[in-house]
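Fold and contact review
Single-letter residue listing:
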Amino acid sequence: MTMISEATAARSAVLDEAHVGNIRGAFGTILHGDHGPRANWRHKLQTFLAILGPGLIVMVGDNDAGAFGTYTQAGQNYGTTLLWTLLLLVPVLYVNQEMVLRLGAVTGVGHARLIFERFGKFWGAFSVIDLFLLNALTIVTEFIGIALALDYLGVSKELGVALAAVLIMAAASTGDFRRFERFSMTLVAGSLLLVPVFLLVHPPIAQIARDFVTPQMPAGAKLSDVMLLIIAIVGTTIAPWQLFFQQSYVIDKRITPRFMSYEKADLWIGIVMVIVGAAAMMAFTAAAFAGKPEFGAFVDAGAVASGIGKYAGRAAGVMFALALIDACIIGASAVSLSTAYALGDVLSIRHSLHRKPSDAKGFYAVYCGLIIVSAGLVLTPGAPLGLLTNAVQTLAGVLLPSATVFLLLLCNDKAVLGPWANSRWLNIFTGGVIALLVMLSIILTASVLFPDATNETVILGILAGGGALGLVIVLATMLVKKGAKDERAPAAMTVEATPREEWRMPPLALLPPAQLSLAAKTWMFVLRGYLVVAGGLVLVRIVALALSHG
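What counts, and where the lines are drawn
- Residues numbered from 1 in each chain as written.
- Predicted model: local features only at pLDDT ≥ 70, side-chain atom pairs only at ≥ 80, totals over all residues.
- Heavy atoms only, no water.
- Helix = DSSP H or I, 4+ residues; strand = E, 2+ residues; numbered from the N terminus.
- Buried < 20%, exposed > 50% of the residue type's maximum accessible area, 1.4 Å probe, protein only.
- Contact = heavy atoms within 4.5 Å.
- Areas by Shrake-Rupley, 256 points an atom, 1.4 Å probe, with all protein chains shown as cover.
- Core = buried A, V, L, I, M, F, W, Y, C linked by side-chain atoms within 4.5 Å.
- Axes fitted to C-alpha atoms, helices over the stretch in contact; angles between N-to-C directions.
- Parallel < 35°, antiparallel > 145°, perpendicular 65-115°, else oblique.
- Left-handed = near helix turned anticlockwise from the far one by under 90°.
- Polar contact = N/O pair within 3.5 Å; in protein donor to acceptor, adjacent residues only side chain to side chain.
- Phe/Tyr/Trp six-rings, centres within 6.5 Å; stacked < 30°, edge-to-face > 60°.
- Expected span 1.5 Å × (residues − 1).
- pLDDT = per-residue confidence, 0-100.

The next point concerns the overall build of the protein. If you tally the helices and strands in the protein, you get 22 helices and two strands. Expressed as a percentage of its 550 residues, the buried residues of the protein come to 55%. For the protein, the proportion of contacts with a sequence separation of at least 24, taken over those separated by at least 6, is 84%. Accessible area of the protein: about 22,700 Å², with a carbon and sulfur share of 68%.

In this section: the nonpolar core. L82, L86, F143, F284, F320 and L353 are the most contacted members of the largest nonpolar core, which totals 166 residues. Excluding anything up to four places from it in sequence, L353 contacts A172, G175, D176, F177, F180, Y249, D252, L337, Y341, F363 and Y364. Counting five residues, the second-largest nonpolar core is a separate cluster that includes L134, V392, L395 and A396.

What follows deals with the packing of helix 15 (residues 301-312) against helix 16 (residues 314-347). Across the interface, helix 15 lies against helix 16 with an axial gap of 6 Å and an inter-helix angle of 155°. Classified by the angle their axes make, helix 15 and helix 16 are roughly antiparallel. For the crossing formed where helix 15 meets helix 16, the hand is right-handed. When helix 15 is examined against helix 16, the residues A301, V304, A305, I308, G309 and A312 are found in contact with a partner set consisting of R314, A316, G317, F320 and L324.

What follows is about the side chain of N77. Counting through the fold element by element, N77 comes out in helix 4 (residues 65-78). Here the side chain of N77 touches F298 through a polar contact of 3.1 Å, landing on its backbone nitrogen. The contact partners of N77, leaving out residues within four places of it in the chain, are F295, G296, A297 and F298.

Turning to the packing of aromatic side chains, a few remarks are in order. Enumeration over the complete set of coordinates arrives at 13 aromatic pairs. Judged by centre distance (5.2 Å) and plane angle (20°), the ring pair of F245 and Y249 falls under stacked. Within this pair, F245 and its partner Y249 are both found in helix 13 (residues 240-252), separated by four residues, close to a single helical turn. When the centroid spacing of 6.2 Å and the interplanar angle of 80° are considered together, the rings of F289 and Y311 count as edge-to-face. Of this pair, F289 sits in helix 14 (residues 260-289) while Y311 sits in helix 15, placing them 22 residues apart in sequence.

Leave glycine aside and you will find that most residues have negative phi; peptide bonds, for their part, are mostly trans. Within the chain, R254 stands out as a residue other than glycine whose phi angle is a positive 70°. Its place among the elements puts R254 in the loop between helix 13 and helix 14. The backbone phi angle of S348 is positive, close to 55°, even though this residue is not glycine. Examined against the element boundaries, S348 turns out to sit in the loop between helix 16 and helix 17 (361-378).

So, on to helix 16. Here helix 16 is 34 residues long and its end C-alpha atoms lie 49 Å apart, about the 50 Å a rise of 1.5 Å per residue gives. Across the 34 residues of helix 16, 28 count as buried, placing the element largely inside the fold. Immediately beyond the C-terminal end of helix 16, within one or two residues, lies S348, with a positive phi of roughly 55°.

In this section: helix 15. Taking 1.5 Å as the rise per residue, helix 15 with twelve residues should run 16 Å; its terminal C-alpha atoms sit 16 Å apart, in good agreement. Those residues of helix 15 that fall on the buried side of the exposure criterion are A301, G302, V304, A305, G307, I308 and G309. Of the surrounding elements, those touching the buried residues of helix 15 are helix 4, helix 7 (121-153), helix 10 (194-201), helix 14 and helix 16. The N-terminus of helix 15 is capped by D300, whose side-chain oxygen sits 3.0 Å from the backbone nitrogen of G302.

Moving on to the confidence of the model for the protein. Mean pLDDT for the protein: 85, with 85% of residues reaching 70 or above. Mean pLDDT across the elements of the protein ranges from a minimum in helix 1 (residues 3-10), with 42, to a maximum in helix 9 (residues 177-190), with 97. Confidence over residues 1-10 falls short of pLDDT 50; this stretch has twelve contacts with residues more than four positions distant or in other chains. Taken together, the stretch residues 485-495 has pLDDT below 50 and engages in eleven contacts with residues farther than four places along the chain or on a different chain.

See the structure below:
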């Protein structure tokens, strides 16, 4: 390692010494001092194979129980007419996950800790509480998915759920990061079971290609129902846990800015896999149920497995059920890890898969505790499992804008990212995404609280009014910035002294206070106020429904 790299490492903000050392990935090793140029294709391939993992795991983990339910619902109820939503989500997925990838590699500090340190305990507490609540409910839905698949396969739900919980806990508790990543990559390979299901159902390729690139609404469908499903697709494809998981996992794998290009390639492969999987589910479900009595009458993923088995053969139904179990296991594992990583960051306790449970008791207690409680709840007779599934989708849609706002602010903090901070056009694109997420969140909240009043006129009014307001805000912001002086953050003044690929965030205690404009603070409070009120009202509504059905 060069003298510059040694000095940079000494000044980094890594909170856990287990996060420094050799990169030991599922398919290769990069020594801690190996920072030489990759001169030939063989050396580049070896480096890529060692880095491969974080992007694939977070993206394939995104196609979990909720995704199986959402995508197959779209296919069974509306055919392939909503395939185009997946194409629109590709740039959003990449931009969001590339930003947390950058934050992890450059800072060495998890997402939750950065929010606490840069925006204070008030905002940090809200973010972690949001994450913990939503993640706990999400893990429950993963075990619901496992139970549905086991029921179709004719396997004891009690035995199967218990074994899955033990497997998920055991895989992460060996104290060997490489062993966990190999387990996860095996599950990634298992997600390819959707491919033979697609081939057995053989949906029309030409129609899939056309609907994938042609925005449209299902003919004769109620706009409010379609919008709710689109919101569910957005919520299940872009979830808050992904941001916290990938940033912490990149840190735990010891990836630094020097290997940024390889990790971006890993992310792109993961995005391709998640979109292909989602499109396959939507397409083969549409083809399997087309012209059948079940078309337009989605129940759950278990019923989808039964329908596919009925119309495309038992083998197709079994492979779909096995793919669902595979997806739920990797989803439960990743979501639990994102929570354990976040709490480990915030509480400054040891939190790394490189450590054994005896050396990181709090970290593994959170991870295993979430798995045990979630599995136990699913096995509890009379538990409102359907209501919990709906609650997860609703809360994810309501809370998602908040996570993206903090992500954007962190990626514009020059003291945190230095030469790796966001470009102007990336900020404009992300700002547009946030505006769209807020509008979708408002539509979702209104539909849950006032289902009879949320009609086509209201939905179009929210979209038109929100779009106009967002445009005004963007123009006003650009004019203000154009007239303001170019003030550089103190940390940015030393950027030129260090090569970009070696620049790391200094220790948190040495950073200057975060500089937030009055406009940014105002919008943060407005957004948070809305999310608190909307989330609270939605929870009240869900509890009321539970009591009424009790």
